Each structure stands twice: as structure tokens, then as C-alpha cells.
Amino acid sequence: MFKWKWEWKQSFIFIETLKPLRFSVLFFIKGAEAKVSNKYKRVLIKLSGGAVAGGSEFGFDPERMEHIANEIMSVVEKGIEVCLVIGGGNIFRGNMASAWGIERAEADNIGTLATVVNSLMLRGVLKAKGIHEVRVMTAIPLTSVAEPYIRLRAIHHLEKGYIVIFAGGNGQPYVTTDYPSVQRALEVNCDALLVAKQGVDGVFSSDPKKDVYARKFSSLHYNDVLKHDLRIMDQSAFILARDYELPVHVFNFDEPGSMSAICAGEHRGTIISRDSVFAYEESDLEVQSKKAPS
Ligand SMILES: Nc1ncnc2c1ncn2[C@@H]1O[C@H](COP(=O)(O)OP(=O)(O)O)[C@@H](O)[C@H]1O
Ligand SMILES: O=c1ccn([C@@H]2O[C@H](COP(=O)(O)OP(=O)(O)O)[C@@H](O)[C@H]2O)c(=O)[nH]1
């Protein structure tokens, strides 16, 4: 009589057959976990080019790259779907046009390419961190180095648990990466936009680097940001976020764990949303009263 015997060879074939499914299984489990324990299921993280530069403001700093990768992975490992936009300010910004005596649209093209360089760098560092697939999608054709941006494809990547980096802004001059961050977040149905800032804890009543009496807001409505001209992001980006009710969190990226705390529903930095009201951070009031001259 035939007696089926499990052999090493069969075990090997069985494991090999399951391999293509490993991402799906992992992300199905992570996805279920995310729904239970997190406030957000899919987020877009907006980083400035300065985030990769460290103290020097230009170029790349390995320690900063390590910090960024760790912070992003801490969100991904919670089962949250993550897409990213990184600026290009550590290489070039369009507003440097006049200093270089070049046309604005030309300078913006250079800035746009700078965002692609940063995105590729970020992909490299994130890939080195783990098993997750990381895809760069560009708004301008650069098919030898990255995928073209196709909305439904981006959503499909995210559903499979891939990290997606949107590079090249929206492919148009006269904007920074702020507006395309909101645009992409809306296009791929993100639950929130996380705006990572360096050395600033959130949105303040005035620039905290110039005004020691600047007070931090714990929450704001979009219209408050516009009305008080709080320059934490381009106004056009806030108008788009307001019109389509995308929650925006502005927080200090230097503080480890901020992003995963926000995704878990904890308060960090400043929240700007449809339901939030004009409110100062309470702990900040004490600090300010100590600073104020008696
Ligand atoms: N109302 C405000 N609240 C917080 N930061 C502000 C405000 N107005 C201006 N800033 C400045 O914006 C900067 C944060 O943006 P940053 O990430 O440096 O800029 P960018 O995105 O242009 O690279 C802070 O360094 C801060 O000095
Ligand atoms: O859709 C876009 C996105 C970016 N840029 C250019 O790319 C530069 C770099 O982006 P950003 O200023 O947002 O970088 P960050 O300040 O966030 O580092 C911008 O200044 C613009 O010149 C552009 O022209 N169109």
C-alpha cells in the first residue's frame, strides 16, 4: 500500500511555494493589528530636505539617515501603510533662483530633481533596514531609476504593505513639496498628513527661532493657520487640506517615537483639522509665563 512520507525535499518545496505569499500574510496580520490599535491606517509623511542634512543644512548626514529610517520603520512595523514625500532643500530650492541668476521655472526643475535624489537615497536606506519593499514613484519621467507615478498602482503598492516614496513633487514649477504632499495624500486616500519638522515642536504663534515669546498651539483649524499667516507650510497646501478635510499633524521629528505615537492617537505637536479649535498648549503657557518679564 502507498504510504505518504514527508521528506526534506517536500518540506523545501512547500516552503518555496509559500515564499511569494510571505508579504501578503505578514501585511494581512499587520493590517488587522493596525485597525485594532491605531488611529490611522494609512499616512503620508512629509520630510524636509533638511531632515537628511544634519547640522550643515546641505548634503547628507549618515546619523540623520539612520534616525529617519528608524522612525519610519517604527510606523511601518505597527502595520500602518506609509507613503513619503521628501523635499530637496538640502540640495537646491527654487527660491535660490535669483541668487544664481537663473529663471524661476528652471530653478524649480533643479529643485524637483533634488527631491528625486533624496527619494532614491531614502529608498536605499530604508531597503537596507528590512524586508519591506520600497518604491519610488516620480511625477516626471525618469523610468531608468524609478517608477512613474500612477495613482492606482501607488494604492496597490500601499495595500500590499510597500513603502511608497513620491518624488518630483507634482512635476510642476512654482510650488514646493508642501502642496504635492497634500495632493498625493488625498489622491491615495491617506487618513492624515504627518509634517515632520526639525527643532520645532509644532505650530507657534510666530517663528519660535526668532521670537522667544512665541506660543505653541496644541490644535488649530485650517482657517486659523491661514488667518494668522502661520508660516509652517505653504498656504496653498493648507487650503487644499482644508477643502478636502485632511488632518495635518505638525511635530518635532527630532523626538524619537513622535510619529508612531501620533498614529496611535496620542497628542504630539500641533493638530490642524476640521474639528480642531484654536488652542494653545497648556504646558507651554507655564513656560511662557516664566519667560515673560515681571
Ligand atoms: N508659526 C510658526 N510655527 C513654527 N515654526 C515656524 C513658524 N513660522 C516660521 N517657522 C519656522 O519654520 C521652520 C520649520 O520649517 P522647516 O522644516 O525648517 O522648513 P522647510 O519645510 O521650509 O524646510 C522652523 O524652523 C521655524 O523657524
Ligand atoms: O512639485 C514640485 C516640488 C518641488 N519643486 C521644487 O523643488 C524644490 C525643493 O522642494 P522643497 O522646497 O519643498 O524642499 P524642502 O524645503 O522641503 O527641503 C522646491 O523649492 C521647488 O523649487 C517644484 O518645482 N515642484
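Keep in mind the model is a prediction, meaning the values are calculated, not measured.

Student: In this structure, what is going on with the UniProt feature "binding site: ATP" (unreviewed entry) in the protein? I would like to understand it.
Tutor: Here the UniProt feature "binding site: ATP" (unreviewed entry) sits at Lys46, Leu47, Ser48, Gly49, Gly89, Arg93, Gln198, Phe204 and Asp207. Looking at where Lys46 falls in the secondary structure, it is placed in strand β1 (residues 42–47). If near-sequence neighbours (up to four positions away) are discounted, Lys46 is found in contact with Val85, Gly87, Thr177, Asp178, Ser181, Leu193, Leu194, Val195 and Ala196. Within the structure, the side chain of Lys46 is placed 3.5 Å from the side chain of Thr177, a separation counted as a polar contact. By the secondary structure assignment, Gly49 is in the loop between β1 and α3 (62–76). We classify Gly49 as buried; its relative accessible area is 2%.

Student: It is not clear to me how the site of ligand 1 should be interpreted in this structure. Could you clarify?
Tutor: Near ligand 1 lie 14 residues; those nearest to it are Ser48, Arg93, Phe204, Asp207 and Lys209. Residue Ser48 places a side-chain N or O atom 2.9 Å away from an oxygen atom belonging to ligand 1. Here an oxygen atom of ligand 1 sits 2.5 Å away from a polar atom, N or O, in the side chain of Asp207. Split into classes, the residues belonging to the shell around ligand 1 amount to six nonpolar, three polar and five charged.

Student: Help me understand the sheet that holds strand β2 (residues 81–86), please; the structure alone is not making it clear to me.
Tutor: Sheet strands associate in pairs through backbone hydrogen bonding, adopting either a parallel or an antiparallel arrangement. As summarised here, the arrangement of the ten strands in space is β4-β3-β5-β2-β1-β6-β8-β9-β7-β10, forming an open sheet in which the pairing is mixed. If you trace the sheet from one side to the other, it starts and ends with β4 (147–148) and β10 (279–280), each paired once. Relative to strand β6 (residues 192–197), β1 runs parallel, the two being bridged by four bridges. What sits directly across from Val43, in β6, is Ala192. Sheet strands in contact with helix α5 (residues 104–129) are β1, β2, β3 (134–138) and β5 (163–167), and its direction is about 165° off that of β5.

Definitions and cut-offs
- Residues numbered from 1 in each chain as written.
- Chains lettered and ligands numbered in written order.
- Predicted model: local features only at pLDDT ≥ 70, side-chain atom pairs only at ≥ 80, totals over all residues.
- Heavy atoms only, no water.
- UniProt positions renumbered as here; feature names shortened; annotations may be inferred.
- Helix = DSSP H or I, 4+ residues; strand = E, 2+ residues; numbered from the N terminus.
- Contact = heavy atoms within 4.5 Å.
- Polar contact = N/O pair within 3.5 Å; in protein donor to acceptor, adjacent residues only side chain to side chain.
- Buried < 20%, exposed > 50% of the residue type's maximum accessible area, 1.4 Å probe, protein only.
- Near = heavy atom within 4 Å.
- Nonpolar A, V, L, I, M, F, W, Y, C, P; charged D, E, K, R; others polar.
- Pairing = 2+ DSSP bridges.
- Axes fitted to C-alpha atoms, helices over the stretch in contact; angles between N-to-C directions.

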